[in-house]
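# Inside the fold
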Amino acid sequence: MAPKRLLVARKLKGLRNLSWLTASQLAQLALTMSVSAIEKRGIIFDHTDDLEVSAYILLAGVARISCSNRKGQRALIMMVGPGMIPCLPPTTAGVNYNFRCEAITNCEIGTVRMNKLIRISLGAKADDFHRMAHNCMGRWGAVHMRCMNFMSFSLGERLALTLLELSDEFGMRDAQGTRLGVPVRHSDLAQLVGASRPRVTEHLARLERDRLVIRQGRQLVLLADKLQNFIGSANRR
């Protein structure tokens, strides 16, 4: 192995969240990845990059991950030390976070194809890994994102987000929109959005009046595009 790659392998061995890899796996990873220098305040990756294709490993330096808040200002989410940089969370319908990872100090970044990283570390295909990870943790990611959004959203917006989340799991497309395949009780919605049942009933009636939701018996039909626009217009206020 070339001296530069040996140095990269030594740096990888010292990273806490990759320390479980064997010496052979670390050597393979060092040979596979490309290494680049990012100057202070430089962008390492943002929401336009496909993070299912590439993984980013911070070999040296300190970085930060931020997103846009409702006023369009950058808000710090986390600071990142040397190690594999966390993947970005799944998107939430109607909300544009504009995630960005940038260097706080001068950084050294290793970039590797995600499928190669997974094959080297786990001996699995990337698609198989993503499917299993989604089955294990995907719904919890959606719950975390919903709770984070709830801190700044109105009750009407929280209700719209929750209905869209339910449509991802139980929605069935038909001529009118997306029909929820299970009856949704107002008391259940109240617990999901953190409000009283009467208040949820009031706001759900508003969504019906505005033709964002259609009630048919005990089932709801969602106009998903309109609900997303409703949340998006609230973000721009």
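Relevant structure appears above.
Residues numbered from 1 in each chain as written. Predicted model: local features only at pLDDT ≥ 70, side-chain atom pairs only at ≥ 80, totals over all residues. Heavy atoms only, no water.

## Let's talk about the pairing of strand β7 (residues 100-103)
Successive residues of a regular strand alternate their side chains across the two faces of the sheet. Counted only if it meets this: Following DSSP output, two strands are said to pair if at least two bridges run between them. Here a helix means four or more residues in a row that DSSP labels H or I, a strand means two or more in a row labelled E, and each is numbered from the N terminus.
Note: strand β2 (residues 43-46) against β7, three bridges, orientation antiparallel. Along β7, the bridge assignment pairs Asp46 with Arg100. Where strand β4 (residues 63-68) lies against β7, four bridges are found, and the strand directions are antiparallel. Opposite Arg64, over in β7, you have Glu102 as the bridge partner.

## Notes on the packing of aromatic side chains
As a reminder of what qualifies: Each pair of aromatic rings taken from Phe, Tyr and Trp, with Trp reduced to its six-membered ring, is defined by centres within 6.5 Å and is described as stacked if the planes are under 30 degrees apart, edge-to-face if over 60, and tilted in the remaining cases. Residue exposure (1.4 Å probe, protein chains only): buried if accessible area is under 20% of the type maximum, exposed if over 50%, otherwise partly exposed.
Within this structure, the stated rule accounts for one aromatic pair. The interplanar angle of 35° and the centroid separation of 4.8 Å between the aromatic rings of Phe45 and Tyr56 together place this pair among those described as tilted. Highlighted residues: Phe45 in strand β2 and Tyr56 in strand β3 (residues 54-60), separated in sequence by 11 residues. Neither residue differs from the other here; Phe45 and Tyr56 are each classed as buried.

## Thoughts on the sheet that holds strand β5 (residues 74-80)
Sheet strands pair via backbone hydrogen bonds, and the direction of the pair is either parallel or antiparallel. So the rule is basically this: For every element, the axis is a line fit to its C-alpha atoms; helices are fit only across the contacting stretch, and the angle between N-to-C directions ranges from 0 to 180 degrees.
The antiparallel open sheet is built from four strands, whose spatial order is β2-β7-β4-β5. Only two strands of the sheet have a single neighbouring strand rather than two, namely β2 and β5. For this sheet, the mean angle separating the axes of adjacent strands, direction not counted, is 25°.

## Some words on the pattern of salt bridges
Here is the rule we go by: We count a salt bridge whenever a side-chain nitrogen from Lys or Arg sits within 4 Å of a carboxyl oxygen from Asp or Glu.
With the rule as written, the count across this model stands at seven salt bridges. In this structure, Glu108 engages Lys11 in a salt bridge whose closest nitrogen and oxygen atoms are separated by 2.4 Å. Of this pair, Glu108 sits in strand β8 (residues 107-113) while Lys11 sits in helix α1 (residues 3-13), placing them 97 residues apart in sequence. Of the residues examined, Lys11 reaches a relative accessible area of 26% and is grouped as partly exposed. We note a salt bridge from Glu202 to Arg199, for which the minimum N-O separation is 3.5 Å.

## Let's talk about the environment of Ala30
Threshold: Every residue pair with non-hydrogen atoms within 4.5 Å of one another is taken to be in contact.
Within the secondary structure, Ala30 sits in helix α2 (residues 23-32). When the C-alpha positions of Ala30 and Arg5 are compared, they lie 5.8 Å apart, and in sequence the two are 25 residues distant. When neighbours within four sequence positions are excluded, Ala30 is seen to be in contact with Arg5, Val8, Ala9 and Leu12.

## Brief notes about α2
This is how the line gets drawn: Note: the arc covers the axis-to-C-beta directions of the helix.
Of the residues making up α2, those classed as buried are Gln25, Leu26, Leu29 and Ala30. Take α2 and look down its axis: the buried residues cluster within an arc of 140°, on one side only. More than 90 degrees from the buried face of α2, the exposed residues found are Ala23 and Leu31. Buried positions along α2 lie against α1, β3, β8 and α3 (114-122).

## Focus: the nonpolar core
Note the threshold: Nonpolar cores were defined as sets of buried Ala, Val, Leu, Ile, Met, Phe, Trp, Tyr and Cys residues, with membership established by side-chain atoms within 4.5 Å.
Core analysis: the largest hydrophobic core is formed by 23 residues, its most contacted members being Leu159, Leu163, Leu189, Leu207 and Leu227. When contributions to this core are tallied by element, the ones reaching two or more residues are α5 (155-170), α6 (186-193), α7 (197-209), β12 (219-222) and α8 (224-236). Contact partners of Leu227, with chain neighbours within four places excluded, come to Ala160, Leu164, Leu207, Leu212, Val213 and Leu222. Among the nonpolar cores identified, the runner-up in size contains 18 residues, and Leu21, Ala55, Leu59 and Leu117 belong to it.

## Focus: the packing of α5 against α7
Applicable threshold: Orientation categories follow fixed angle ranges, with anything under 35 degrees roughly parallel, anything over 145 roughly antiparallel, 65 to 115 roughly perpendicular, and all other angles oblique.
Viewed as axis vectors pointing N to C, α5 and α7 meet at an angle of 75°, and their least axial separation amounts to 10 Å. One way to sum up the angle between α5 and α7 is to call them roughly perpendicular. Note on element contacts: α7 touches α5 through Arg199, Val200, His203, Leu204 and Leu207, opposite Leu155, Gly156, Leu159 and Leu163.

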